[in-house]
Amino acid sequence: MPSLLAIEERLAARSQAHEVPFTLVALSAENDFLGTASIKRFELPAHPDKEHWLGEVFIPKGLRGQGIGSSMIAECIKRSLDLGVQALYLYTPDQQRLYERFGWQEAVQTVVNDEAVSIMVRHATHNLHVERDAPPTSRHHARQVER
């Protein structure tokens, strides 16, 4: 398992202010860690035609269900659109319904690291509308990791 420093360095390396890849970190008003989400490039070597990927969406177990992840996903989509990304991909073994709320559609089923997953796609032409509104985000904010 990588050390916290190794994880921080990896996330910081992907945190360009105005280009992909980038990583967002959610912090509480007291600067407590709440989660991460990233937009990465060429996540799966077996799919070189798929460039931009949502990944590293991580919310600690005790904080899940509060809308933090949904807020971070929405912010990643918004920033990707602002950067001109035309299609975002992700893969998930069991969270298809969550991502469908944000406009992702299953493109293909495959195996990644010995696990059956769905590769999903979200096109820029899909309006950013979440079917079930997330709780207000005033309790937390996402910021881009600075180098």
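One can find the structure itself at the top, above this paragraph.
These numbers come from a predicted model, not from an experiment.

Caption draft 1: Structural view of the pattern of salt bridges. One pass over the full model with this rule turns up six salt bridges. Between Glu-56 and Lys-40 there is a salt bridge whose closest N-O contact spans 4.0 Å. Here Glu-56, found in strand S3 (residues 52-58), pairs with Lys-40, found in strand S2 (residues 33-41); they are 16 residues apart in sequence, far enough to count as distant. Accessibility expressed as a relative area gives 9% for Lys-40, which makes it buried.

Caption draft 2: Fine view of the packing of aromatic side chains. In total, this model carries four aromatic pairs according to the counting rule given. Note on Phe-33 and Phe-58: the rings are 6.4 Å apart at their centroids and 20 degrees apart in plane angle, and the pair reads as stacked. Of the two residues, Phe-33 sits in strand S2 while Phe-58 sits in strand S3, which places them 25 residues apart along the sequence. For Phe-58, a relative accessible area of 40% corresponds to the partly exposed category. Between the aromatic rings of Tyr-99 and Trp-104, the centroid separation amounts to 5.6 Å while the plane-to-plane angle is 80 degrees, which identifies the pairing as edge-to-face.

Caption draft 3: The environment of Gln-105, seen in detail. Considering the arrangement of structural elements, one finds Gln-105 in strand S5 (residues 105-112). Sequence spacing of Gln-105 and Val-121 is 16 residues, and the spatial spacing of their C-alpha atoms is 5.4 Å. For Gln-105, the contacting residues outside a window of four places in its chain are Ile-119, Met-120 and Val-121.

Caption draft 4: View of the pairing of strand S4 (residues 87-92). Counting buried positions along S4 yields five of six residues, so the element is predominantly enclosed. Bridging between S3 and S4 involves two bridges; their strand directions are parallel. Looking at the pairing, His-52 lines up with Leu-88 of S4. Crossover connection from S3 via helix H2 (residues 68-82) to parallel S4: handedness right-handed. Where S4 meets strand S6 (residues 115-123), six bridges bridge the pair, whose relative direction is antiparallel. Considered in S6, the bridge of Ala-87 is made with His-123.

Cut-offs applied
Residue numbers restart at each chain and count upward from 1, following the sequence in its written direction. With pLDDT at 70 or above as the cut-off, local features in this predicted model cover only qualifying residues; side-chain atom pairs require 80 or more to be listed or tallied, and sums for whole chains, interfaces and linings still use all residues. Each side-chain value is derived from all of the structure's non-hydrogen atoms; neither hydrogens nor water enter the calculation. Salt bridge, as used here: a side-chain nitrogen of Lys or Arg that lies within 4 Å of a carboxyl oxygen of Asp or Glu. Elements are defined by DSSP. Helices are runs of H or I of four residues or more, strands are runs of E of two residues or more, and each kind is numbered from the N terminus. The cut-offs for exposure are 20% and 50% of the maximum accessible area for each residue type, with area from a 1.4 Å probe on protein chains only; residues under the lower value are buried, those over the upper are exposed, and the others partly exposed. Two rings from Phe, Tyr or Trp (for Trp, the six-membered ring) form a pair when their centres are within 6.5 Å of each other. A pair whose planes differ by under 30 degrees is stacked, one over 60 is edge-to-face, and the rest are tilted. The contact criterion used throughout is that any non-hydrogen atoms of two residues lie within 4.5 Å. Here, a strand pair is defined by DSSP locating no fewer than two bridges between the strands. Here a crossover is taken to be right-handed if, once the strands point away from the viewer, the path from the first strand over the helix to the second is traced clockwise.

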